[in-house]
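Single-letter residue listing:
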Amino acid sequence: MADSARAQKLVYLVTGGCGFLGEHVVRMLLQREPRLCELRIFDLHLGPWLDELKTGPVRVTAIQGDVTQAHEVAAAVAGAHVVIHTAGLVDVFGKASPETIHEVNVQGTQNVIEACVQTGTQFLVYTSSMEVVGPNVKGHPFYRGNEDTPYEAVHRHPYPCSKALAERLVLEANGRKVRGGLPLVTCALRPTGIYGEGHQIMRDFYHQGLRLGGRLFRAIPASVEHGRVYVGNVAWMHVLVAREEQRAALMGGQVYFCYDKSPYKSYEDFNMEFLRPCGLRLVGTRPLLPYWLLVFLAALNALLQWLLRPLLLYAPLLNPYTLAVANTTFTVSTNKAQRHFGYEPLFSWEDSRTRTIRWVQGVESSSQ
Ligand SMILES: NC(=O)C1=CN([C@@H]2O[C@H](COP(=O)(O)OP(=O)(O)OC[C@H]3O[C@@H](n4cnc5c(N)ncnc54)[C@H](O)[C@@H]3O)[C@@H](O)[C@H]2O)C=CC1
Ligand SMILES: CC(C)[C@@H](O)CC[C@@H](C)[C@H]1CC[C@H]2[C@@H]3[C@H](O)CC4=CC(=O)CC[C@]4(C)[C@H]3CC[C@]12C
């Protein structure tokens, strides 16, 4: 970033800034980015909590907009020094059509890239996903892999396909000349399963357990490890990488897994780190149902979703895709973000766990 920009106060834009991750990125920028003079928050759905942010020294501009609308994106990007693009349809439950997922995640990302080029924004950070890599359609495990681990990243589901295509667009855009002649610097961050305050799926598990008399029933073997990372550490990595993107030669066009000290556990056992202190228990030391029966139930859920779609949206947690993903080991072990831009987790595992437990405990009182 030119010296003049570093001396100046900077304008950041966060797309999807009212989402689960986006809100944490917004709050982290306000707390830990001293060069910020304006923070633009672009989202299809603006949250009421934004109003509380407008009393500080940084100018906070809430922009209600749609990333699929190129002109809305260009207007929001114009004048920004850094764009952090988290907006997306995170749907593996069949709520949105494949076309809509593609339109938001791929075309929306293309619109962000073109807006950077047309308006002269030089730094773009894209929130990608572990799903760009795997688990793949063959169910191959990815055991404590890193950004360079060979893996057959073949997908059929609309969500991972859209994230992989969007990531490729972002990385290929690195080095394009933006308005004013400077090169666009892009990079992509790949979180594993994010958890923490505001995680809707964790809330769903909690409510499911309350409905079942304080019990959840094991469906996945404890031996299947699934990578998880605390939302505050993911947000911190976004802030850091944006701060250091002027190291274009090293970081431009790079991908980084998001990681911290969260333990390697099965998806369900990991969730119980937070749900057990909230009074739930996981029944069974091994899956209570045989895998073939889970496959049948998942397929039945998919059939019911299709049959009921004209009447209502039926989107349970268990479907053929979520079952396959949950049943496939996918964990990362890397320090590339530390080597390239000095990332160290801001929140310890203990702190991440405590914060998440407190949030889950608040979920019950807030829903009463
Ligand atoms: N939740 C997770 O475990 C992981 C999420 N990610 C990625 O992180 C990013 C954020 O994910 P979450 O915070 O979990 O999702 P989220 O659904 O909570 O947040 C996404 C935000 O994008 C906004 N949005 C959706 N469509 C839009 C559109 N057309 N125009 C403008 N805004 C739009 C939504 O209103 C929402 O505020 C996504 O790109 C996702 O692919 C990556 C890895 C794991
Ligand atoms: C019903 C049981 C089989 C239960 O264990 C299903 C859990 C299932 C809902 C989750 C298991 C793995 C999760 C995904 C994983 O964390 C990777 C992801 C990355 C993203 O970019 C978005 C979210 C997700 C697809 C995540 C979604 C929920 C799971 C499939």
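Reading guide: rules and limits
- Residues numbered from 1 in each chain as written.
- Chains lettered and ligands numbered in written order.
- Predicted model: local features only at pLDDT ≥ 70, side-chain atom pairs only at ≥ 80, totals over all residues.
- Heavy atoms only, no water.
- Phe/Tyr/Trp six-rings, centres within 6.5 Å; stacked < 30°, edge-to-face > 60°.
- Helix = DSSP H or I, 4+ residues; strand = E, 2+ residues; numbered from the N terminus.
- Buried < 20%, exposed > 50% of the residue type's maximum accessible area, 1.4 Å probe, protein only.
- Core = buried A, V, L, I, M, F, W, Y, C linked by side-chain atoms within 4.5 Å.
- Contact = heavy atoms within 4.5 Å.
- UniProt positions renumbered as here; feature names shortened; annotations may be inferred.
- Expected span 1.5 Å × (residues − 1).
- Arc of directions from axis to C-beta.

Draft legend 1. Main features of the packing of aromatic side chains. A complete count under the given rule lists 15 aromatic pairs for this structure. Consider the rings of tyrosine 195 and phenylalanine 270, whose centres lie 4.9 Å apart with planes at 70°: the pair is edge-to-face. Here tyrosine 195, found in strand E8 (residues 193–195), pairs with phenylalanine 270, found in helix H9 (residues 267–275); they are 75 residues apart in sequence, far enough to count as distant. One exposure class covers both tyrosine 195 and phenylalanine 270, and it is buried. Both rings, one in tyrosine 195 and one in phenylalanine 274, keep their centres 5.1 Å apart while their planes meet at 25°; by these two values the pair is stacked. Here tyrosine 195, found in strand E8, pairs with phenylalanine 274, found in helix H9; they are 79 residues apart in sequence, far enough to count as distant. A connected cluster of aromatic rings, assembled from ring pairs, spans Tyr195, Tyr230, Phe270, Phe274, Phe347 and Trp349.

Draft legend 2. Broad picture of the nonpolar core. Core analysis: the biggest nonpolar cluster contains 69 residues, and Tyr12, Leu29, Leu39, Ile84, Leu275 and Phe341 have the highest contact counts within it. Per-element tally for this core: the top contributor is helix H7 (residues 231–243), with nine residues. Among all residues touching tyrosine 12, those that are not within four sequence positions of it are Leu29, Glu33, Arg35, Leu36, Glu38, Leu39, Arg40, Val82, Ile84, Ala242 and Arg243. Core analysis: the second largest hydrophobic core is formed by 26 residues, Ala87, Val117, Ala166 and Val255 among them.

Draft legend 3. Geometry of the UniProt feature "transmembrane region" (unreviewed entry) in the chain. According to UniProt, the positions carrying the feature "transmembrane region" (unreviewed entry) are residues 288–308. A helix fraction of 86% and a strand fraction of 0% characterise residues 288–308, whose end C-alpha atoms lie 28 Å from each other.

Draft legend 4. Representation of H9 within the structure. Among the nine residues that make up H9, nine are buried, leaving the element largely enclosed by the rest of the structure. Residues Tyr267, Glu268, Asp269, Phe270, Asn271, Met272, Glu273, Phe274 and Leu275 constitute the buried set of H9.

Draft legend 5. Broad picture of helix H5 (residues 158–172). Here H5 is 15 residues long and its end C-alpha atoms lie 21 Å apart, about the 21 Å a rise of 1.5 Å per residue gives. For H5, the complete set of buried residues consists of Tyr159, Pro160, Ser162, Lys163, Ala166, Glu167 and Val170. Along H5, the residues classed as buried sweep out an arc of 160° about the axis, all on the same side. The elements touched by buried residues of H5 are helix H4 (98–119), strand E5 (123–127), strand E7 (185–191), strand E11 (254–258) and helix H11 (320–326).

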